[in-house]
Amino acid sequence: MKQSWTVLVIGGGFGGLSTCIELSSMIHHYRNTKPTNSIQVIIKLIDPKDFMEWRPSTLKCIVDASYVNTISVEMDYVLKQLNSEWCLVERVIGRVKRLEMNHAWVEIMGVAEVEGEGTLVEEKVGFDVCIVATGSRHHGFIQAENKFPVGQGNHDEGQRPRLDVQTLTERYNELELWQEHLDSIQKIVVVGSGFVGVELVAELAERYKTSKQIVLVASGRRVLDRLPPRASKLAEKWLQKHHVHTIFNARMEKVTSADSGTSTKQILRNSKDGQILECDIVFWCTGSTIDTSFVQNSASQLLQQSRVARYGNRIAVNAVRQVVSLEPTNSDSGQFQYTTIPHIFALGDVCVDIQEMEAGHGLQEQMAYMAEMQASVVAENVLSLMTQDPRRNLIGFPRHRALSIQDKESVAGRLPYTQVVSLGSRNAIVRFEWLVFGGLLGALVKWIIETLSIWGYRNPRGIARHVLRCLENLSFVLCKLLNVLFGS
């Protein structure tokens, strides 16, 4: 049995950092229970920045830049706590450019030849096991890696993340610029009425009240159209009370930018009725993007064929989250031959389950807690792969089938939906499957989740992570009970 292993984790978000925490903990427990086994593991976490931002609360930072210190976790502080005699966790600041079968080419910042300057260089990093957890990217300030584009509000804001924001101090400075810029303008338009759009508008409305014109553009007949109708009613009532103008059934496209004195106006046109909308800045909250170019650039045909075009180039995985290559058997039939790549895993937003793909289902809702639970499954499967213990079987996701819900949305069952949409600091909408409530109670639920989650990352060996997992399981039991008693 191989004794020395190198595990490469790509992405330091919810899924990636949780994988490091879970795997190091499992290795520690395994060595304590099997002292005769001399397995040694090095975990290398690759991410462009040296901190993790708790993304569900990022939107608050645009009106309060200092809040980023509350919701961020310094990577080095966390990873040092994971080191043990048998497991070493290292951090590599960079971005994977190409992924091969046993190594990755990582773009990192080289040593500066001139003071204040540096060069991007590529470094080869080998591995025995690889875990892809790069997640999804949003436009503009929402993603910590994206550069601050003063006065811009177009689709290009977040298309090409760069190695500009690497430290928490740089992130704070970037958010301060956003805050100063918003303070200086009068009319703000947010296009997109999903989770991000509604939460962003709520933060802006709570801070600026009636001092600025705030417009929310929805493509459908209601906001939060992926949630039950009651959630939409609660959100729309709050927005109306806080003087947010909502435009429904609109498809906005950017026409041009016009100079008006010292500022640059953004001009939008509704493609449905031709209506023109002028503003100082536009936030495009129309969804996130998946970047799997590092797989597309691979020299391995197996890895290249793991990308599924109709699911946004997500990486295909099986039930245990191993990457699967899809080789067409017939160009006309649309059928594929599956080849599992046993030592490469993927989890979170970046992947799609082949079972759901075969059934023709759309993508399931992706939440932070789902990425964290997939990380636990992947960590246990990686440990089984390394130890080659015949008594350890690979496990699928969802792990606890008794808590999963069987419906037409999923073949193997799905975890119950527990979702929170913040409406400022004193209100939030909470969804447990079809049960929806809001107000101060919802805000309290959001605060509890945020506090326990952040403390759980900052102190991975502490009790906060266990308390949060217990509360999540209790919420799943509640959702399952409600689903059984009253139907979906």
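Here the structure is a predicted model, which means the values were calculated and not measured.

Trainee: Describe the overall build of the chain, and please don't skip the residues or the numbers.
Mentor: Along the backbone of the chain there are twelve helices and 24 strands. For the chain, contacts bridging at least 24 residues in sequence account for 65% of all contacts bridging at least 6. In the structure as shown, the chain presents an accessible area of about 21600 Å², 51% of it carried by carbon and sulfur atoms.

Trainee: Report on unusual backbone geometry, specifying residues and quantitative values.
Mentor: Although it is not a glycine, Lys209 adopts a positive phi angle of roughly 50 degrees. Considering the arrangement of structural elements, one finds Lys209 in the loop between helix H5 (195-208) and strand E11 (213-217). A positive phi angle, near 50 degrees, is found at Asn249, a position not held by glycine. With respect to the element layout, Asn249 can be found in the loop between strand E12 (245-247) and strand E13 (252-260).

Trainee: Before we move on, can you summarise the pattern of salt bridges with the specific residues and values?
Mentor: Using the criterion set out here, one finds 14 salt bridges in the structure. Among the ionic pairs, Lys2 bridges to Asp128, the shortest N-O distance being 3.6 Å. Taken together, the residues span a long stretch of sequence, with Lys2 in the segment before strand E1 (4-10) and Asp128 in the loop between strand E8 (120-126) and strand E9 (129-132) at a distance of 126 residues. For Lys2, a relative accessible area of 38% corresponds to the partly exposed category. Under the relative-accessibility criterion, Asp128 is labelled partly exposed at 25%. Between Asp353 and Arg321 there is a salt bridge, with its nearest N and O atoms 3.2 Å apart. Of this pair, Asp353 sits in strand E21 (residues 351-353) while Arg321 sits in the loop between strand E18 (314-317) and strand E19 (322-328), placing them 32 residues apart in sequence. Summarising the burial analysis for this pair, Asp353 and Arg321 share the class buried. When salt bridges with common partners are traced through the structure, they connect Glu53, Arg171 and Glu174 into a single cluster.

Trainee: Before we move on, could you go through the packing of helix H10 (residues 368-387) against helix H12 (residues 464-486) and cite the residues and values that matter?
Mentor: Across the interface, H10 lies against H12 with an axial gap of 12 Å and an inter-helix angle of 110 degrees. Taken together, the axis directions place H10 and H12 in an arrangement best described as roughly perpendicular. The element H10 and its partner H12 pack so that their crossing is left-handed. Of the residues in H12, those in contact with Tyr369, Glu372 and Met373 of H10 are Arg469, Glu472, Asn473 and Phe476.

Trainee: Before we move on, can you summarise the side chain of Ser422 with the specific residues and values?
Mentor: Tracing the chain through its elements places Ser422 in strand E22 (residues 418-422). Given the relative accessible area of 6%, Ser422 is considered buried. A distance of 2.6 Å separates a polar atom in the side chain of Ser422 from a polar atom in the side chain of Lys446. Leave out the neighbours within four places in its chain, and Ser422 touches Glu199, Ala202, Asn427, Ala428 and Lys446.

Trainee: Give a detailed account of the nonpolar core, specifying residues and quantitative values.
Mentor: In this structure, Val7, Leu17, Leu23, Ile43, Val382 and Met386 are the most contacted members of the largest nonpolar core, which totals 47 residues. Among the elements that line this core, the one with the most residues is helix H1 (residues 14-33), at eight residues. Ignoring any residue separated from it by four or fewer positions in sequence, one finds Leu17 in contact with Gly11, Gly12, Leu45, Met52, Met75, Val78, Leu79 and Tyr457. Judged by nonpolar contacts, the second largest core, of 34 residues, contains Val201, Ala205, Ala235 and Ile429.

Trainee: Tell me about the sheet that holds strand E10 (residues 187-191), and name the residues and values.
Mentor: On the basis of which strands lie adjacent, the open sheet formed by four strands has the order E12-E11-E10-E16 and parallel pairing. The open sheet has two free edges, formed respectively by E12 and strand E16 (281-284), since each of these has just one partner strand. Across the sheet, the axes of successive neighbouring strands diverge by a mean angle of 20 degrees, strand direction being ignored. By the bridge criterion, four bridges tie E10 to E16 in an arrangement that is parallel. Of the residues in E16, the one forming a bridge with Val191 is Trp284. Along the sheet, helix H4 (residues 168-183) contacts E10 and E16; its crossing angle with E16, the most-contacted strand, is approximately 130 degrees. Lying on the sheet, H5 is in contact with E10, E11 and E16; it crosses E11 at an angle near 170 degrees.

Trainee: How would you explain a nonpolar patch on the surface if you had to name every residue and give the values?
Mentor: A cluster of nonpolar residues, Leu441, Leu444, Trp447, Ile448, Ile463, Val467, Leu471 and Leu474, forms a patch on the protein surface that exposes about 770 Å² of accessible area. Contributing elements (two or more residues each) for the nonpolar patch: helix H11 (440-458) and H12. At four residues, the largest contribution of residues to the nonpolar patch is made by H11. Within the secondary structure, Ile463 is located in the loop between H11 and H12. Judged by relative accessible area, which is 64%, Ile463 ranks as exposed.

Trainee: A description of the sheet that holds strand E23 (residues 428-432) should follow, citing residues and the corresponding values.
Mentor: Taking strand neighbours across the sheet as the criterion, the three strands line up as E22-E23-E24 in an open arrangement whose pairing is antiparallel. The sheet is open, and its two borders are formed by E22 and strand E24 (435-437), each paired with just one other strand. For this sheet, the mean angle separating the axes of adjacent strands, direction not counted, is 10 degrees. With three bridges connecting them, E23 and E24 associate as antiparallel partners.

Trainee: Outline the packing of aromatic side chains, supporting the account with residue identities and numerical values.
Mentor: Enumeration over the complete set of coordinates arrives at five aromatic pairs. A ring pair is formed by Trp178 and Phe283, whose centres lie 5.6 Å apart and whose planes are at 40 degrees; its orientation type is tilted. Here Trp178 is found in helix H4, whereas its partner Phe283 is found in strand E16, with 105 residues between them in sequence. Pair check on accessibility: Trp178 and Phe283 agree, each one buried. Measuring from ring centre to ring centre gives 5.7 Å for Tyr369 and Phe476, while their planes differ by 45 degrees; the resulting arrangement is tilted. Separated by 107 residues along the polypeptide, Tyr369 in helix H10 and Phe476 in helix H12 bring together distant segments of the chain.

Conventions adopted
- Residues numbered from 1 in each chain as written.
- Predicted model: local features only at pLDDT ≥ 70, side-chain atom pairs only at ≥ 80, totals over all residues.
- Heavy atoms only, no water.
- Helix = DSSP H or I, 4+ residues; strand = E, 2+ residues; numbered from the N terminus.
- Contact = heavy atoms within 4.5 Å.
- Areas by Shrake-Rupley, 256 points an atom, 1.4 Å probe, with all protein chains shown as cover.
- Salt bridge = Lys/Arg side-chain N within 4 Å of Asp/Glu carboxyl O.
- Buried < 20%, exposed > 50% of the residue type's maximum accessible area, 1.4 Å probe, protein only.
- Axes fitted to C-alpha atoms, helices over the stretch in contact; angles between N-to-C directions.
- Parallel < 35°, antiparallel > 145°, perpendicular 65-115°, else oblique.
- Left-handed = near helix turned anticlockwise from the far one by under 90°.
- Polar contact = N/O pair within 3.5 Å; in protein donor to acceptor, adjacent residues only side chain to side chain.
- Core = buried A, V, L, I, M, F, W, Y, C linked by side-chain atoms within 4.5 Å.
- Pairing = 2+ DSSP bridges.
- Patch = residues over 30% accessible without salt bridge, like charges linked within 9 Å, V, L, I, M, F, W, Y side chains within 5 Å.
- Phe/Tyr/Trp six-rings, centres within 6.5 Å; stacked < 30°, edge-to-face > 60°.

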